[in-house]
Amino acid sequence: MKKLITLSVMLIGFLAFSQNKNAKQIIEVDGVCMMCKERIEKAAIRTKGVKSAIWNVKTHELKLIFDERKTNVETISKNLAAVGHDTKAVKATDEAYNSVNPCCKYRDEDVVKAHN
């Protein structure tokens with residue numbers, strides 16, 4: 001019985017600490033300009049547990065380093081959508097999207113063409 005209890009405690013301890021403190025993830029985030037870059041990176045960094053967030057204007061990839069014990073990709077995506085930027089997982093509401101600067105309207109084909 002002692003061995004079973006010891007084994008159980010060890011297993012619980014292992015599972016509790018198995019989450020990665022420096023998880024790396026790349027997610028796609030819609031945007032078109034340097035103003036978008038600043039807004040996206042700021043929203044990601046303000047998410048508790050995010051240590052690094054770098055968004056590439058050309059590829060639309062947001063490279064993240066975050067603590068899985070404190071946050072996850074879904075939470076980060078929701079925070080990005082809250083400031084008006086779509087991700088594959090979460091689409092920004094029309095209200096949030098309309099709050100971005102007119103030059104950042106990535107859903108408008110004319111604006112996207114103007115940035116190319």
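Here the structure is a predicted model, which is why all the values come from computation and not from measurement.

Draft legend 1. Fine view of helix H3 (residues 73-82). Of all the residues in H3, the buried ones are Ile76, Ser77, Leu80 and Ala81. An end-on view of H3 places all buried positions within 140 degrees of arc, on one side of the element. Buried-residue contacts for H3 involve strand E1 (23-28), helix H2 (34-45), strand E2 (50-55), strand E3 (61-66) and helix H4 (94-98). In this structure asparagine 72 caps H3, since a side-chain oxygen of it lies 3.2 Å from the backbone nitrogen of glutamate 74. At the exit of H3 stands glycine 84, carrying a positive phi of roughly 105 degrees.

Draft legend 2. Representation of the packing of aromatic side chains within the structure. Considering all chains together, one arrives at 1 aromatic pair under this definition. Consider the rings of tyrosine 97 and tyrosine 106, whose centres lie 5.1 Å apart with planes at 80 degrees: the pair is edge-to-face. Assessed through its relative accessible area of 7%, tyrosine 97 is described here as buried. A relative accessible area of 9% means that tyrosine 106 is categorised as buried.

Thresholds, definitions, all that
- Residues numbered from 1 in each chain as written.
- Predicted model: local features only at pLDDT ≥ 70, side-chain atom pairs only at ≥ 80, totals over all residues.
- Heavy atoms only, no water.
- Buried < 20%, exposed > 50% of the residue type's maximum accessible area, 1.4 Å probe, protein only.
- Helix = DSSP H or I, 4+ residues; strand = E, 2+ residues; numbered from the N terminus.
- Arc of directions from axis to C-beta.
- Contact = heavy atoms within 4.5 Å.
- Polar contact = N/O pair within 3.5 Å; in protein donor to acceptor, adjacent residues only side chain to side chain.
- Phe/Tyr/Trp six-rings, centres within 6.5 Å; stacked < 30°, edge-to-face > 60°.

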